[in-house]
Amino acid sequence: MKKILAALLSSWCGCALAQTAQELIDNGKNSENVTTFGMGYHLNQYSPLSQINKSNVKRLVPIWSTSLSNDAGELAQPTIYNGVMYVVNGHWTFALDVATGQQIWRTPVEYERGAARVGQPGVIMRGGATIYDGKLFRETIDCHVVALDMKTGKEIWKQKFADYKEGYTGIIAPLVANGVVITGMAGGDRTTRGFLDGWEPETGKKLWRRYTIPAPGEPGSETWPKDMPDAWKYGGGATWQNGSYDPELDLVYWGTGNAEPYNPAYRGGADSLFTASVIAIRPKSGELVWHYQYIPNESFDFDGSAEPVLADLRVDGQVRKALLSANKNGFMYVIDRTNGQLIAAHPFVKVNWASHIDLKTGRPVLTDIYDQAVKGETVEIWPSRGTNASLMAFNPKTGLVYVNSWEIARILKYTKFEFVLGQGSTGVETSFRTPPAGEPWGYHMAFNPLTGQAEWKVPVTETVISAGMLATDGGLLFTGRVNGEFIALDQATGQTLWQFKTGSGINSPPITYTHKGRQYVTVLSGIGGVLNRTMKVADRVPTGGSVWTFALMPD
């Protein structure tokens, strides 16, 4: 067995491993590779592959499955290059043979165990394994960025970007854009100040830092209260989901989290830039080019951190470079990604905190829910979240987005906040009101982002949905459910055409690709993180991470 593995590793190491920037840009042109998270820099979770389609999907079968030695939850997406699949989670980094699932190498994540007790998400990884120039880049829960050798899994460099004892964690996949490794941070419900960092990929030298909350005197600082001199230092704006990149415009887009505390009394009720926003920056310098704030003075835990999906849409007869966001606040936004101008915003779930978004000002028109909350009343807010950190899919041929939505209310009351560095900083009492038996917890949905019309909605009962969507030219949508079912839906109707029960819950976005001309679909399975506790799914769904790969059974 050792000789076989040695031969496999030797053969594989002979392949070209030095990815170029152009290969990252061209993700999808070579269907044998999936080099970036979200099926491309645009994050649209779309593939033109059609070998697996509506007529034959019932012949889809698992061809291999491999344990990921992890009970903390699988939220990442595999990366594939030259016949090797790279998988990351909170505890391990793997290289696997695409054809068989055979492990090539496995590297443990070394971190200070105290970091595992910081915050709710747990020891997880969002995004995927980031590869570039023969290296794999990832974060660790105790706030380090690590570069590993793709051939061996051995560490090349490691850099600290924050102190977990102050409430920061590292759970986000880096983004490589124009030769710079860009990383975010988590900690939006604690005493943190959001930022993005740029790193030199060869050495790990820090090139720049872009804070999401301006210091006094910087542009945007006037939106923070002057009579609360420390509010901006711990004001939130975490960058805890993933960014996208437009190589033509040379702009990186990243969503930012909620303001802290939620209770606006401790922020003077000010707009609190650049929280609950999307920012566009230059990857070489971190320079801020434009921003759009979804909710000024965000006070309901409505992060603006959902992945910004890039799409070219025909608007009033003209093709516009757009950015789409299925926002946690319940609105689907269409923004001009060249300048940040709002094009459209429509609710895609039940919304009661705002009546609509004013297209002239870009600001939401609030209902009386906010005034009631400020008076100290307990309020019921719809939605608790429009989606739960799950990638939607956009098909450029249909012009539709496909999203897993939530239809659950949040019960919220503002409370007194006592500042303790590194501890929770929400300033609220909160809970979730789950639907009665038989009523939908959410929907699989096809939605037109320009008109605001749902083409179809399929209710999901007894559970929430936190898995990403994947659209293909086979007329299919692939996604997963918390009960462990991996499913294929008819893209035209939402009807379930195929399903397979994996060993644990699915919270991750699937991918599709070819290997030696044969189409495969892969997804990670493994419940974990905060979802276990808030929705009590741990009582019904076992933990245990694994990767599943499917292909058509031969005729």
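Preceding this section is the structure that the text describes.
> Can you walk me through the nonpolar core in this structure?
Side chains of a nonpolar character, in soluble globular proteins, are inclined to be buried together. In this structure, Met85, Tyr86 and Phe478 are the most contacted members of the largest nonpolar core, which totals 49 residues. In terms of nonpolar packing, the next biggest core, distinct from the first, is built from 43 residues, Ile141, Val180, Ile182 and Trp199 among them.

> Explain the sheet that holds strand S5 (residues 84-88) here, please?
Strand pairing in a sheet takes place through backbone hydrogen bonds and is either antiparallel or parallel in direction. Taken together, 4 strands build an open sheet; the order of strands is S4-S5-S6-S7 and the sheet is antiparallel. Across the chains shown, the open sheet's two edge strands, defined by having one partner strand only, are strand S4 (79-81) and strand S7 (103-108). Direction aside, the axes of adjacent strands within the sheet are offset by 15° on average. Of the strand pairs in this sheet, S5 and strand S6 (residues 92-97) are connected by 5 bridges, and their pairing is antiparallel. What sits directly across from Met85, in S6, is Leu96.

> Please explain the layout of surface pockets as it appears in this structure.
Considered as a void within the structure, the second largest pocket measures approximately 650 Å³ in volume. Together, 31 residues line the second largest pocket, and Ile25, Asn27, Gly40, His42 and Asn44 are the ones closest to its centre. When residues of the lining of the second largest pocket are assigned to their parent elements, the largest contribution, 3 residues, is made by strand S21 (residues 309-315). Per-class residue counts for the lining of the second largest pocket are 15 nonpolar, 9 polar and 7 charged.

> What is the right way to read empty space enclosed by the protein from this model?
Rolling a probe over the atoms, with the probe sized like a water molecule, indicates the empty space that remains. Inspection of every chain in the model, using the stated rule, returns 1 cavity of 30 Å³ or more. In this structure, the largest cavity is lined by 20 residues; those nearest its centre are Thr36, Phe37, Thr130, Pro174 and Leu175. Only strand S9 (130-132) and strand S13 (175-177) provide two or more residues apiece to the lining of the largest cavity. Its residues placed into classes, the lining of the largest cavity shows 11 nonpolar, 9 polar and no charged.

> Is there a simple way to explain the packing of aromatic side chains in this structure?
In this description, an aromatic ring pair is defined by two values, namely the gap between the centres and the angle between the planes. Inspection of the entire model under this criterion finds 29 aromatic pairs. Aromatic pair Trp92 and Phe94: ring centres 6.3 Å apart, planes at 45°, arrangement tilted. Taken together, a centroid distance of 5.4 Å and an interplanar angle of 85° make the contact between Trp498 and Phe550 edge-to-face. Taken as a pair, Trp498 in strand S37 (residues 496-501) and Phe550 in strand S40 (residues 546-552) lie far apart in primary sequence, 52 residues in all. Here the two residues Trp498 and Phe550 agree in accessibility, since each one is buried. The structure contains a cluster of three or more aromatic residues connected by ring pairs, namely Tyr292, Tyr294, Phe300, Phe302, Phe331, Tyr333, Trp353 and Tyr370. Just above the ring of Trp382 sits the side chain of Lys350; from NZ or CZ to the centre is 4.1 Å. Cation over ring: Lys457 sits above Tyr443, and NZ or CZ is 4.2 Å from the ring centre.

> Whenever I open this one, the pattern of salt bridges confuses me. Can you help?
A side chain with one charge may pair with a side chain of the opposite charge, provided their charged atoms come close. Under the counting rule described, the total for this entry stands at 18 salt bridges. Between Asp26 and Lys29 there is a salt bridge, with the nearest N and O atoms lying 3.5 Å from each other. By relative accessible area, Asp26 is classed as partly exposed at 24%. One salt bridge in this structure joins Asp301 and Lys328, with 3.4 Å as the shortest N-O distance. With a gap of 27 residues between them, Asp301 in the loop between strand S20 (288-293) and S21 and Lys328 in the loop between strand S22 (318-326) and strand S23 (331-336) connect regions that are remote in the sequence. Judged by relative accessible area, Asp301 falls into the buried class, the value being 5%.

> Just checking my understanding: could you explain the side chain of Asn27 for this structure?
Take Asn27: it is sitting in the loop between helix H2 (21-25) and strand S1 (46-47). Take Asn27: its relative accessible area is 12%, and that puts it in the buried class. If we skip the residues at most four places from it in the chain, Asn27 touches Asn33, Val34, Thr35, Thr36, Met39 and Gly40.

Thresholds, definitions, all that
Residues numbered from 1 in each chain as written. Predicted model: local features only at pLDDT ≥ 70, side-chain atom pairs only at ≥ 80, totals over all residues. Heavy atoms only, no water. Core = buried A, V, L, I, M, F, W, Y, C linked by side-chain atoms within 4.5 Å. Buried < 20%, exposed > 50% of the residue type's maximum accessible area, 1.4 Å probe, protein only. Pairing = 2+ DSSP bridges. Helix = DSSP H or I, 4+ residues; strand = E, 2+ residues; numbered from the N terminus. Axes fitted to C-alpha atoms, helices over the stretch in contact; angles between N-to-C directions. 1 Å grid on protein atoms, 1.4 Å probe; cavity = no way out; pocket = protein on both sides within 12 Å on 5 of 7 lines; lining within 4 Å. Points joined across faces, edges and corners; volume = space filled by probe spheres on them. Nonpolar A, V, L, I, M, F, W, Y, C, P; charged D, E, K, R; others polar. Phe/Tyr/Trp six-rings, centres within 6.5 Å; stacked < 30°, edge-to-face > 60°. Lys NZ or Arg CZ within 6 Å of the ring centre and 35° of its normal. Salt bridge = Lys/Arg side-chain N within 4 Å of Asp/Glu carboxyl O. Contact = heavy atoms within 4.5 Å.

Purely geometric numbers; function is a separate question.
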